[in-house]
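# What the coordinates show
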Amino acid sequence: MNPETPGREQEVRAAARRRVRTPLWNLLLVVPLIATLIPTIYNRATPRLFDVPFFYWYQMAAIPLGVLCVVLVYRNTRGER
């Protein structure tokens, strides 16, 4: 044991006994993954937006969706560290 940190061993043991909590907010991170991981959802040309096929603008719309989900999860779980 290191003499500089006498309580360190007790802290490590207490951390090991603590139950790991996963907030339900983390499930929100799966939304953009599912939205882009399954191409059968967006593999088509219609409807068009400004003459851009659905396939392309759907993927471009998934980017802000992913950012929004990450921001929401971060803001709602940052106090749990």
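The following paragraphs examine the structure supplied in this document. (Residues numbered from 1 in each chain as written. Predicted model: local features only at pLDDT ≥ 70, side-chain atom pairs only at ≥ 80, totals over all residues. Heavy atoms only, no water.)

### A closer look at the packing of aromatic side chains
We count it as follows: Aromatic pairs are defined between Phe, Tyr and Trp rings, using the six-membered ring for Trp, whenever the two ring centres lie within 6.5 Å; interplanar angles under 30 degrees are classed as stacked, those over 60 as edge-to-face, and all others as tilted. Under the DSSP-based scheme used, a helix requires at least four consecutive residues in state H or I and a strand at least two consecutive residues in state E, with every element numbered from the N terminus. Accessible area is worked out with a 1.4 Å probe on protein chains only. A residue is then buried under 20% of its type maximum, exposed over 50%, and partly exposed in between. Throughout this description, the term charge over a ring refers to an Arg CZ or Lys NZ atom that lies within 6 Å of the ring centre and within 35 degrees of the ring normal.
A full pass over the atoms with the stated rule returns 5 aromatic pairs. Each ring, one from F54 and one from Y58, has its centre 5.3 Å from the other, and the planes form 40°; the classification is tilted. Of this pair, F54 and Y58 both sit in helix 3 (residues 54–77), 4 residues apart, which is roughly one turn of the helix. Residue classification places F54 among the buried residues on the basis of a relative accessible area of 7%. Owing to a relative accessible area of 18%, Y58 belongs among the buried residues under this scheme. Relative to Y56, the ring of F55 lies with its centre 5.3 Å away and its plane at 85°, an arrangement referred to as edge-to-face. Here the aromatic residues Y42, F54, F55, Y56, W57 and Y58 are joined through ring pairs into a cluster of three or more. The cationic tip of R44 hangs over the ring face of F54; the distance from NZ or CZ to the ring centre is 4.3 Å.

### Section: helix 3
To keep it simple, the criterion reads: Take the number of residues in a helix, subtract one, and multiply by 1.5 Å to get its expected span. Any two residues whose heavy atoms approach within 4.5 Å at even a single point are treated as in contact.
With 24 residues, helix 3 extends 34 Å from end C-alpha to end C-alpha; this agrees with the ideal 34 Å at 1.5 Å per step. What helix 3 keeps buried is the set F54, Y58, A62, G66, C69, V73 and T77. Residues of helix 3 that are buried sit in contact with helix 2 (30–37).

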